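# Secondary and tertiary structure notes
Listed below, chain by chain, are the residues.
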Amino acid sequence: MQIEESEPLSSDEENTLKSITLEHVIHECGSFHRYQYIHFFFLSLFPIASGIVNFYYVFGAAENIYECQIPNEMKRNFHVDILPSQCSYIIKNDQNITIRMNSCTKWKYDRSVFGETFTSEADFICERSIHRSFLATMLQMGAMMIFFTGQIIDMIGRRRSFHLLVGMLLITSIITQSLLQFVPMSTNQKFALLLINQFVSGIDTFMVSFLLLMEITTSAYATFVGNLALVAFAIGEIVITGMAYICRHWLLLKWVITLYVLALIPYLIYVPESPHWLLTKHRYDELEKTLRQIAQCNQRPESRWLPFYRYVIKNHQEQKDVNRKNKITLSFFARLYRFLTHVPTMSRLIITGYIGFVTLLLYYKISYNLGAMEEIDPYLNIIIGAVVEVLGYIAPSLCMIRYGRKPAFILFLIPTALYLLITPLTIHQHRYVIVLIAQLGKFAISAVTCVVYIFVPELFPTSIRGTGMGFFILLSRIGSTIAPMIDAKIRHNHLLVTYMYYIYAILTFICILLTLLLPETRNVPLADKIDYTRKKTQKTSFNTQSIS
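Residues numbered from 1 in each chain as written. Predicted model: local features only at pLDDT ≥ 70, side-chain atom pairs only at ≥ 80, totals over all residues. Heavy atoms only, no water.

### As for the overall build of the chain
Heads up, the rule is: Numbering of helices and strands runs from the N terminus, with a helix taken as a DSSP run of H or I at least four residues long and a strand as a DSSP run of E at least two residues long. Accessible area is worked out with a 1.4 Å probe on protein chains only. A residue is then buried under 20% of its type maximum, exposed over 50%, and partly exposed in between. Pairs of residues are marked as contacts when any of their non-hydrogen atoms sit within 4.5 Å.
Counting its regular elements, the chain contains 24 helices and five strands. Classification of the 548 residues of the chain by burial places 55% in the buried group. Considering only contacts within the chain whose residues lie at least 6 apart along the sequence, 79% involve residues at least 24 apart.

Written as structure tokens, this is what we have:
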């Protein structure tokens, strides 16, 4: 390959180089051109898959309308009054005196809306309704594993993480679904296999695709790429709604989802590696090759980016050599202690973890409730909710670009808290009022989710960005795990439902207060390493060129 000769740099240019980082090199290679367009398109297909998988529960485990079936012999000999819950019935004698109350053991389902769901097949209603929520819980528990896969992503890179996660999902899905499809088994055995399937489905590629989208461009476009991933997730909600409407069977729907993931495999051959990750791992040859691919695809001459790249690598190597000479070998526990006692990093982890817990708890509570509302067709409501969610992802972008992450986050947390305070008061309102308020809540929490998913990764350097996001998502998924379980337990108790809304509002106001403690990250270049050289009592910044 021919390399263009570049003229020697002037003294002014040499001084300018002192502030040059890898992000500047990527900018000179083209940070928002043909190379990014191609990979943005294909990488966005993975968040779509995440949206599909996350909303399978809404349709695959939907609760069909049901009626308690009374044995004919019981009807002939006694007067029977079925309770409104359709979960039990009262037996009375000829004098209309209550003899006893029995629980229903058989039901007739109306499958005209959702078709055959696993909830109706397994009779996960009434006393067993909590079992239904376990399908959502296992998905969220699988997503909690991102705390560990986040560390793997930092260790083995973004590209190989894609291969690992997609391969694991496909192998597990094909095995469990084949057993469910072709092997006769009891309901409990089916339930166990479906739980395994849901658990592995939760360990998806959303985070690694999100990170890679951010790391093949510059911080100037962080808001756009963050929105791209989240809008793709919302598109996944629309796609799964269409799939469910056509399939009308919980297992067939699983197979269609698997076919979608299979269609993504060819792109795994071409998925790029993160330039920032290659730099932190000192894999300079691969980094240069990746930058050449970016520059060539974007039609940028080497003279435009190569001098800056050489300076960055030279500086990186010099600092590496200096650190090697002055290096004090630390044991694993010493490194762990240094990390855990680094106040700026730990405070960010704890605060973002709490914010993630509350945000995802509210997101899944509001989103899943759209599919369970009786005031409107569930398919239409989910699609409207997905469109509203897209608008909720686009609206805060304008705020973030002009005012920053923190103001935008707080701005949309406030209407979210107001929604939580108002909703219990609308129970007797007209159905369109109830639907409108629910969709406004979906808009507000979607906007909050958009900001937090862009804000949080910018708070951590590349060396621990996967770990930081992993911890954030771990706490987030604990929140999203709790949401359907709480709803399943208290949905028929209006007083408890009201109290929970007010508790959620309090948690939201705490989020607002904690956000004030975080730094603003708008237009701040992505850092590569933690700077342990600053005193813990001082405000710590992450030095993009420091080598540990």
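### Regarding the pairing of strand S4 (residues 98–103)
Quick note on the threshold: Two strands are counted as paired when DSSP detects at least two bridges linking them.
Note that strand S3 (residues 88–92) and S4 share five bridges and pair antiparallel. Bridge pairing links Tyr-89 to Asn-102 in S4. Here S3 hands over to S4 after five residues, with Asn-96 in that stretch at a positive phi of 65 degrees.

### Notes on unusual backbone geometry
Positive phi is not limited to glycine here, since Asp-123 has a value of about 55 degrees. In the Ramachandran plot, Cys-126 falls in the positive-phi region, its phi being about 55 degrees despite a non-glycine side chain. Structurally, the position occupied by Cys-126 is in the loop between helix H7 (118–122) and helix H8 (129–144).

### Overview of the state of the cysteines
Quick note on the threshold: Cysteine sulfur atoms are paired as a disulfide whenever they fall within 2.5 Å.
All told, the structure shown has two disulfides when counted by the stated rule. Through a disulfide, Cys-68 is tied to Cys-104; the S-S separation comes to 1.9 Å. Its torsion about the S-S bond being -105 degrees, the disulfide of Cys-68 and Cys-104 is classed as left-handed. Within this pair, whereas Cys-68 is found in strand S1 (residues 65–68), its partner Cys-104 is found in the loop between S4 and strand S5 (107–110), the two being separated by 36 residues in sequence. Cys-104 sits in the buried class, given a relative accessible area of 5%. Two residues, Cys-87 and Cys-126, share a disulfide whose sulfurs are 2.0 Å apart. A torsion of -90 degrees about the S-S bond marks the disulfide between Cys-87 and Cys-126 as left-handed.

### Thoughts on the sheet that holds strand S2 (residues 79–82)
The strands that make up a sheet are held in pairs by hydrogen bonds between backbone atoms, and each pair lies either parallel or antiparallel. Here is the rule: Every axis corresponds to a line fitted to the C-alpha atoms, with the helix fit spanning only the stretch in contact, and the corresponding angles, defined between N-to-C directions, vary from 0 to 180 degrees.
Strand order in the open sheet formed by three strands is S2-S3-S4, with antiparallel pairing between adjacent strands. On the outer flanks of this sheet lie S2 and S4, each paired with one strand and no other. Across the sheet, the mean angle separating the axes of adjacent strands is 25 degrees when strand polarity is ignored. Judged from the four bridges that link them, S2 and S3 form a sheet pairing that is antiparallel.

### Some points on the environment of Glu-67
Topologically, Glu-67 is positioned in strand S1. A relative accessible area of 47% places Glu-67 in the partly exposed class. Remark: the alpha-carbon pair of Glu-67 and Cys-104, spanning 37 residues in sequence, is separated by 9.4 Å. Look past the residues within four positions of Glu-67 in its chain and what remains in contact with it is Gln-86, Lys-106, Trp-107 and Lys-108.

### Let's talk about the environment of Arg-34
Here Arg-34 shows up in helix H3 (residues 34–43). You can call Arg-34 exposed: its relative accessible area is 52%. With 261 residues separating them along the chain, Arg-34 and Ala-295 place their C-alpha atoms 9.7 Å apart. If we skip the residues at most four places from it in the chain, Arg-34 touches Cys-297 and Asn-298.

### A short note on a nonpolar patch on the surface
Put simply, the rule is: Patch membership needs two things, relative accessible area over 30% and no salt bridge, and members are linked within 9 Å if like-charged or within 5 Å if nonpolar (Val, Leu, Ile, Met, Phe, Trp, Tyr). Here the Shrake-Rupley method, with its probe set to 1.4 Å, supplies the accessible areas, and only the displayed protein chains count as covering residues. One side-chain nitrogen of Lys or Arg within 4 Å of one carboxyl oxygen of Asp or Glu is enough to make a salt bridge.
Residues Ile-171, Ile-175, Leu-179, Phe-182 and Val-183 make up a contiguous nonpolar surface patch of about 490 Å² in total accessible area. Note that Phe-182 resides in helix H10 (residues 158–182). With a relative accessible area of 64%, Phe-182 lands in the exposed category.

### Observations regarding the nonpolar core
The following threshold applies: Joining through side-chain atoms within 4.5 Å is the link that ties buried Ala, Val, Leu, Ile, Met, Phe, Trp, Tyr and Cys residues into a set, and such a set is a nonpolar core.
In this structure, Phe-59, Leu-253 and Tyr-453 are the most contacted members of the largest nonpolar core, which totals 120 residues. By residue number, the principal contributor to this core is helix H19 (residues 343–372), which donates 14 residues. Those residues in contact with Tyr-453, other than ones at most four positions away along the chain, are Phe-206, Phe-210, Leu-230, Leu-360, Met-469, Phe-472 and Ile-473. Val-25, Tyr-35, Leu-287 and Ala-295 belong to the second largest nonpolar core, which has 20 residues in total.

### Re the pairing of S1
The alternating pattern of S1 places Tyr-66 and Cys-68 on a buried face, while none of Ile-65 and Glu-67, on the opposite face, is buried. Of the strand pairs in this sheet, S1 and S5 are connected by four bridges, and their pairing is antiparallel. Residue Tyr-66 lies in a different strand from S5, and its bridge partner there is Tyr-109.

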